[in-house]
Amino acid sequence: MAGVDDLYERIADEGVQRLQRSAEYYGIALGAVCGLGPRAEEVIREMVKSGVDVNHRHHKNGWTAMMFAARYGGEHAAGIMKVLVEAGAGADANTPASYGDTEDTALMIAAEHGGEHAAGMMRVLISAGANVNKAGDHGQTALIRAARFGREHAAGMMRLLLDAGADANEEGYDEDGDDYKSALMWAAHYGGEHAAGMMRVIMGAGAGAAVNELNYDYMTALMYAAQYGGEHAAGMM
C-alpha cells in the first residue's frame, strides 16, 4: 500500500489539521489511521469533521476505511468501525472488480484476518446492515472464510453469522478455480483440531446444513474429514 507506512508518522507528528485535503490523500490516510490503535477513533472523528469521505476508496486496491479497519484494526477495530458507521460508512461495500482485487467486504476480511477480535467486528458490521451471504473472492462468503481461516475463533464467528441468516450450504471454490465446498466441507478439510467444534455449530444451528451433499468433486463433508482430518477425523465423524 503506497504511502500508508509514511502516513503513520505524519498523522502522529503533524496532527490531522495539517493533512493535505485531497480526496485521494484522505482515502489513503483513513486506511493508515485504522492502524493507529487507541488513537484511531479520535483521529477519525477529527478527519470526519474536516469533511473526509469515509467511503472513499484507496486508489490502488479499492479498499474503504472499513476494510482497512477489519484488516489492521486489531483489538480497536470494532470501536473504529462504530465511528465509521456513525459517520456514514457503508458496512457492505465490495472491493470493485475493476481494481483487480478480490471483491471482498469488511465482513469477509474480518472473518479471515480478525482472529480473536473478529466476532466483535462482525457484530458491528451485521448491525450496520452487512449482508452475511454476499460472496467475494472465489465465491467465498464470510462463513466459508471463517471455516477456512478462523481456527480456534471460527466457531464463535460461525455462530454469529448463522444467527444472522448465513446460508450454511453456499459453496465457494479454491484458488485453482475448482474444488467447490460448503462451510462444512471447508471445516472438515482445513479445520484440524478445531473442525469438530465448527461442524457442531453448523449442524446444530438449525441452518439446514446438507451433510450428505456431494460437491463438484463428488465429495461430502464426511469424505473430507476421512481424507484430511488425520488424528482429528474421528471427532468430526
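What this report covers is the structure whose coordinates are included nearby.

Considering the packing of aromatic side chains
- On inspection of all chains with the given rule, the structure shows five aromatic pairs.
- Their ring planes at 70° and their centres at 5.2 Å tell us that tryptophan 63 and phenylalanine 68 sit as a pair that is edge-to-face. Of the two residues, tryptophan 63 and phenylalanine 68, both sit in the buried class.
- Centre to centre, the rings of tryptophan 186 and tyrosine 190 are 5.4 Å apart; their planes meet at 20°, and the pair counts as stacked.

What to know about the nonpolar core
- Core analysis: the largest hydrophobic core is formed by 61 residues, its most contacted members being Met81, Leu84, Leu107, Leu125, Met158 and Leu161.
- In this structure, leucine 107 is in contact with Met122, Leu125, Ile126, Ala130, Asn131, Val132, Ala142 and Leu161, ignoring residues within four places of it in sequence.

Concerning the packing of helix α6 (residues 106-113) against helix α7 (residues 118-127)
- Contact geometry of α6 with α7 gives a least axis separation of 9 Å together with a crossing angle of 170°. In terms of their interaxial angle, α6 and α7 are classed as roughly antiparallel. On the side of α6, the interface is formed by Ala106, Leu107, Ala110 and Ala111, while α7 contributes Ala118, Met121, Met122, Leu125 and Ile126.
- Grouping the amino acids of the contact of α6 with α7 by side-chain chemistry returns nine nonpolar, no polar and no charged.

Describing the side chain of threonine 64
- Mapping threonine 64 onto the fold places it in the loop between α3 (40-49) and α4 (65-72).
- Setting aside chain neighbours within four positions, we find threonine 64 in contact with Asn55, His56 and Arg57.

With respect to the packing of helix α10 (residues 183-190) against helix α11 (residues 195-204)
- Where α10 meets α11, the axes come as close as 8 Å, and the angle between the chain directions of the two elements is 170°. In terms of orientation, α10 lies roughly antiparallel with respect to α11. As for how α10 packs across α11, the hand of that crossing is left-handed. Across the interface between the two elements, Ala183, Leu184, Ala187 and Ala188 of α10 pack against Ala195, Met198, Met199, Ile202 and Met203 of α11.

Parameters and conventions
Residues numbered from 1 in each chain as written. Predicted model: local features only at pLDDT ≥ 70, side-chain atom pairs only at ≥ 80, totals over all residues. Heavy atoms only, no water. Phe/Tyr/Trp six-rings, centres within 6.5 Å; stacked < 30°, edge-to-face > 60°. Buried < 20%, exposed > 50% of the residue type's maximum accessible area, 1.4 Å probe, protein only. Core = buried A, V, L, I, M, F, W, Y, C linked by side-chain atoms within 4.5 Å. Contact = heavy atoms within 4.5 Å. Axes fitted to C-alpha atoms, helices over the stretch in contact; angles between N-to-C directions. Helix = DSSP H or I, 4+ residues; strand = E, 2+ residues; numbered from the N terminus. Parallel < 35°, antiparallel > 145°, perpendicular 65-115°, else oblique. Nonpolar A, V, L, I, M, F, W, Y, C, P; charged D, E, K, R; others polar. Left-handed = near helix turned anticlockwise from the far one by under 90°.

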